[in-house]
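A look at the structure
The lines below spell out each chain.
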Amino acid sequence: MEQFDYTARPARIVFGRGTLGRTPDEVLRLGRSRVLLLATPEPAEAGDRVAQVLGDLLAGRFDGAAMHTPVEVTEQALEELRRCGADCVVAVGGGSTTGLAKALAVRTGVDQVVLPTTYAGSEVTPVLGETENGIKTTRSDPAILPETVVYDVELSATLPRALAVTSAVNALAHAVEALYSPQANPVVDSMALDAVEHLATGLRALADGVDDLEVRADLLRGAWLAGTCLGAVGMGLHHKLCHTLGGSFDLPHAPTHTVVLPHAMAYNAAAAPRAMDRIAQRLGVVDAPGAVYDLIVAAGGPTSLRELGMPADALERAAELATATPYPNPAPLTRDGIRELLARALTGERPGTAPGPGGAVRALTGQVVRSFDGVAGPRLSGLLQDLVRRLHAFAADNDMTQEEWQAGIDFLTRAGHITTDTRQEFVLLSDTLGLSSVVDVLTNSRTPDTTSSAVLGPFYVEGPPELPQGTDISAGLPGTPLYVDVTVTDTAGRPVADAAVDVWQSNEDGYYDVQLPDLDGPVLRGRLRTDPEGRLRFRSILPSEYPIPTDGPVGELLTATGRHPYRAPHLHFLIDAPGHRQLITQLFVQGGKYLDSDAVFGVKQDLIVDFEPRTGPTPDGADVGDEWRQLTFTFRLQPTG
Ligand code: BEZ
Ligand code: FE
């Protein structure tokens, strides 16, 4: 059982587009009415916009926020706070303005409303770093945490693309290190994993040249979640290393995080395998550190400390500083290890993989994935690369043995041998694994206004006989008589005339005509056309449940796993009408067997229909003896174009 401590930190979050306009309401909500606006001298635009919306609530403005929150600047701002009699501060900008707001709050108790323009995340932490005489001190206090954060996606979109990349990776680092923090807990874990997903989605879009409000919304949402993690649990090697590099070599904050993160992850990978697996899973990759590196490269972020101005001969000193005071981290901190990490980061090498089979598999996967880089169009290359990643992960995660691999190959070989023009074992395999139904849902059943589709199945025959309305397609075969009366309409309910409707079904014993070589000609199948009212009537027999073919490897699989091979009783339809999307579907007999356990997972709720039991006169006046059934249904087709 997992044991954990978790402290919720009270802060109000207002997230969306154009939320900057809600700032005055947020000030009033706190019971405040005199605002000191904090901003940076450049760019002045964001400050001007907030000043404008604040209107009469604006009591003063201080534009001098500076990096690392120097105490001298805080004192000037304090003077302005007192002079204008403000009862709260509104800070708009990055880490510097947020830092200044916090510094004022911890000294005077004023309430803070923060509007972040970067992904730094400090607006949701109770931590303040200040500098005095060149020395940086950090403190944590609940009074430091801003009361309200207004995230405006439009405002964040003013952050230039290159800065957005490094700032987003900075945020990603909070989420990554939260997952292997000694204080990690399930609440923070979920936020961290969501942050990883949102940030990676945003960064991938930037890498693909897409930069719109949706992309910025992903990045900002990830930044908020990641910042919350930063405020909730302690960080490890990555943050300490960046702190050392920034402080001692004056390297820029977010770009340093961007360069170091993949290397810090690789350093910790073997010691924090669960965290890495969870990150890799959210990213849809096998090798999380390598994938983060690749994402940074693709998004055009910096990859080497050298390009940030780190001198090559500073490695030893940096390694010494970074290991001088011990702190919790998954992998033990050794001077040699850190020097090696820094040497890679200095030149921008792709992070090395860990030794052992895990490392070798990651390296192999990377090699194979890269072999498909840019082949024959992005779709094919993307599909192949993802297939390789998942196949490799499947083998690795299950520790697949040579014998198991061989059994899989033998299975596929037998499936190949039994497959002919009329027997497709691979489709049957896909059907029984539910894959055909997944693809069917993805391709055909996205709109709730149209009738759901269902798999075609192997018993469809192209070009069935054209039959007039009212035909008995059972041609007198034994079974409960069935009268079908269906209508074809579009999504607005307008009848679709002259639609070609192919129908096919099994006989009373569960066989299709193509399975019965002694049967004379096509039976229980045909093509009929709707009348001007979109109506179609024909006669048949009630279909019954039947087993899918079990004489091949798919049958062996079902037997070996204790699964039955039966399909729930159904009638197939393939409807073609000009100006409409083709509909391939099945109607299932309500109350029929196996509706809950159909062997190919093809049953959908709206396709289960009452094949109503009737007695007495039939629609065509035929004398059918006892009971007969009536099927009435309306198919709704999606108009094209
Ligand atoms: C069928 O409904 O005809 C069918 C579908 C998938 C596999 C086997 C049969
Ligand atoms: Fe069928």
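Source: prediction; values computed, not measured.

Quick notes on the rules
- Residues numbered from 1 in each chain as written.
- Chains lettered and ligands numbered in written order.
- Predicted model: local features only at pLDDT ≥ 70, side-chain atom pairs only at ≥ 80, totals over all residues.
- Heavy atoms only, no water.
- Helix = DSSP H or I, 4+ residues; strand = E, 2+ residues; numbered from the N terminus.
- Rg over C-alpha atoms; globule rule 2.2 N^0.38 Å.
- Buried < 20%, exposed > 50% of the residue type's maximum accessible area, 1.4 Å probe, protein only.
- Pairing = 2+ DSSP bridges.
- Axes fitted to C-alpha atoms, helices over the stretch in contact; angles between N-to-C directions.
- Parallel < 35°, antiparallel > 145°, perpendicular 65-115°, else oblique.
- Contact = heavy atoms within 4.5 Å.
- Nonpolar A, V, L, I, M, F, W, Y, C, P; charged D, E, K, R; others polar.
- Phe/Tyr/Trp six-rings, centres within 6.5 Å; stacked < 30°, edge-to-face > 60°.
- Core = buried A, V, L, I, M, F, W, Y, C linked by side-chain atoms within 4.5 Å.
- 1 Å grid on protein atoms, 1.4 Å probe; cavity = no way out; pocket = protein on both sides within 12 Å on 5 of 7 lines; lining within 4 Å.
- Points joined across faces, edges and corners; volume = space filled by probe spheres on them.
- UniProt positions renumbered as here; feature names shortened; annotations may be inferred.
- Donors = N, O, S within 2.8 Å, 3.2 Å for Na, K, Ca; no water.
- Tetrahedral: all angles 85-135°; square planar, octahedral: opposite > 155°, others 65-115°.
- Near = heavy atom within 4 Å.
- Polar contact = N/O pair within 3.5 Å; in protein donor to acceptor, adjacent residues only side chain to side chain.
- Areas by Shrake-Rupley, 256 points an atom, 1.4 Å probe, with all protein chains shown as cover.
- Sits in = over half its atoms within 2 Å of the grid points.
- Salt bridge = Lys/Arg side-chain N within 4 Å of Asp/Glu carboxyl O.

1. A short note on the overall build of the chain
In terms of helices and strands, the chain carries 20 helices and 19 strands. Relative to the compact-globule value of 26 Å for 641 residues, the chain shows a C-alpha radius of gyration of 33 Å, a clear excess of over 25%. Dimensions of the chain, computed from the C-alpha atoms along their principal axes, are close to 105 × 65 × 45 Å. Sorting the 641 residues of the chain into buried and exposed places 49% on the buried side.

2. With respect to the sheet that holds strand S10 (residues 500–504)
The strand order S11-S10-S15-S16-S17 describes an open sheet built from five strands, whose pairing is mixed. Two strands lie at the open edges of the sheet, namely strand S11 (525–529) and strand S17 (608–609), each paired on one side alone. As paired strands, strand S16 (residues 583–589) and S17 are joined by two bridges and run parallel to one another. In the strand pairing of S17, phenylalanine 588 is matched with isoleucine 608.

3. Some words on the packing of helix H17 (residues 402–418) against helix H18 (residues 425–432)
With their axes 8 Å apart at the nearest point, H17 and H18 run at an angle of 125° to one another. One element, H17, and the other, H18, form an angle in the oblique class. Facing Phe411, Leu412, Ala415, Gly416 and Ile418 of H17, the residues of H18 in contact are Glu425, Phe426 and Leu429. Here the residues of the contact of H17 with H18 are counted per class, giving six nonpolar, one polar and one charged.

4. Observations regarding the packing of aromatic side chains
Under the criterion given, the structure shown has nine aromatic pairs. Ring geometry for phenylalanine 459 and tyrosine 512: centres 4.4 Å apart, planes at 20°, overall stacked. Placement of the pair is phenylalanine 459 in the loop between helix H19 (435–444) and strand S9 (481–490) and tyrosine 512 in the loop between S10 and S11, with a sequence separation of 53 residues. Note on tyrosine 512: relative accessible area 0%, which makes it buried.

5. Some remarks on the nonpolar core
With 55 residues, the main nonpolar core has Tyr119 and Ile279 as its most contacted residues. Leaving out residues up to four positions away in the same chain, tyrosine 119 has contacts with Ser156, Leu159, Ala164, Ser167, Ala168, Ala171, Arg216, Leu219, Leu220 and Ala223. Core analysis: the second largest hydrophobic core is formed by 34 residues, Val484, Val496, Leu536 and Phe635 among them.

6. Thoughts on the sheet that holds strand S18 (residues 612–614)
Read across the sheet, four strands follow the order S12-S9-S19-S18 without closing on themselves; strand pairing throughout is mixed. Of all strands in the sheet, those with a lone pairing partner are strand S12 (535–541) and S18, marking the two edges. Direction aside, neighbouring strands of the sheet carry axes that sit 25° apart on average.

7. A look at unusual backbone geometry
Despite not being glycine, alanine 475 has its phi angle at roughly 45°, a positive value. Tracing the sequence through the fold places alanine 475 in the loop between H19 and S9. One non-glycine residue, leucine 524, lies in positive phi territory at about 55°. Among the structural elements, leucine 524 can be located in the loop between S10 and S11.

8. Side note on empty space enclosed by the protein
What the rule picks out here adds up to four cavities of 30 Å³ or more. Forming the boundary of the largest cavity are 13 residues, of which Asp431, Gly457, Pro458, Arg567 and Val600 lie nearest the centre.

9. Points about the UniProt feature "domain: Intradiol ring-cleavage dioxygenases" (unreviewed entry) in the chain
UniProt records the feature "domain: Intradiol ring-cleavage dioxygenases" (unreviewed entry) at residues 457–639, using the numbering of this structure. Along residues 457–639 one finds 4% helix and 33% strand; the C-alpha atoms at either end are 25 Å apart.

10. Focus on the coordination of the iron ion (ligand 2)
Donor atoms from the polypeptide that coordinate the iron ion (ligand 2) comprise Tyr512 (OH), Tyr546 (OH), His570 (NE2) and His572 (NE2), at 2.0 to 2.2 Å from the metal. Classification of the site at the iron ion (ligand 2) rests on its six donor atoms, whose angles at the metal span 55 to 171°, yielding the label irregular. Each donor residue of the iron ion (ligand 2) belongs to the same chain, with the gaps between them written as Y-x33-Y-x23-H-x1-H. Of the two residues, tyrosine 512 is situated in the loop between S10 and S11 and tyrosine 546 in strand S13 (residues 546–547); the sequence distance between them amounts to 34 residues. The exposure class of tyrosine 546 is buried, given its relative accessible area of 3%.

11. Quick notes on the site of ligand 1
What surrounds ligand 1 is a group of 13 residues, the closest being Asp431, Tyr546, Arg567, His570 and His572. Between ligand 1 and arginine 567, the relevant distance is 2.5 Å, taken from an oxygen atom to a side-chain nitrogen or oxygen of the residue. Here ligand 1 loses 100% of its free accessible area of 260 Å² to cover by the protein chains. Mapping ligand 1 onto the cavity grids shows that it belongs to the largest cavity. When residues of the shell around ligand 1 are traced back to their parent elements, those giving at least two are H18 and strand S15 (570–576). Its residues assigned to classes, the shell around ligand 1 comprises seven nonpolar, four polar and two charged.

12. Some details on the pattern of salt bridges
Taken as a whole, this structure holds 34 salt bridges when the rule is applied. Put simply, arginine 61 and aspartate 63 hold a salt bridge, and the shortest N to O gap is 3.1 Å. In this structure, the salt-bridge partner of aspartate 440 is lysine 604, at a minimum N-O distance of 2.8 Å. Note that aspartate 440 is positioned in helix H19 and lysine 604 in the loop between S16 and S17, a separation of 164 residues in sequence.

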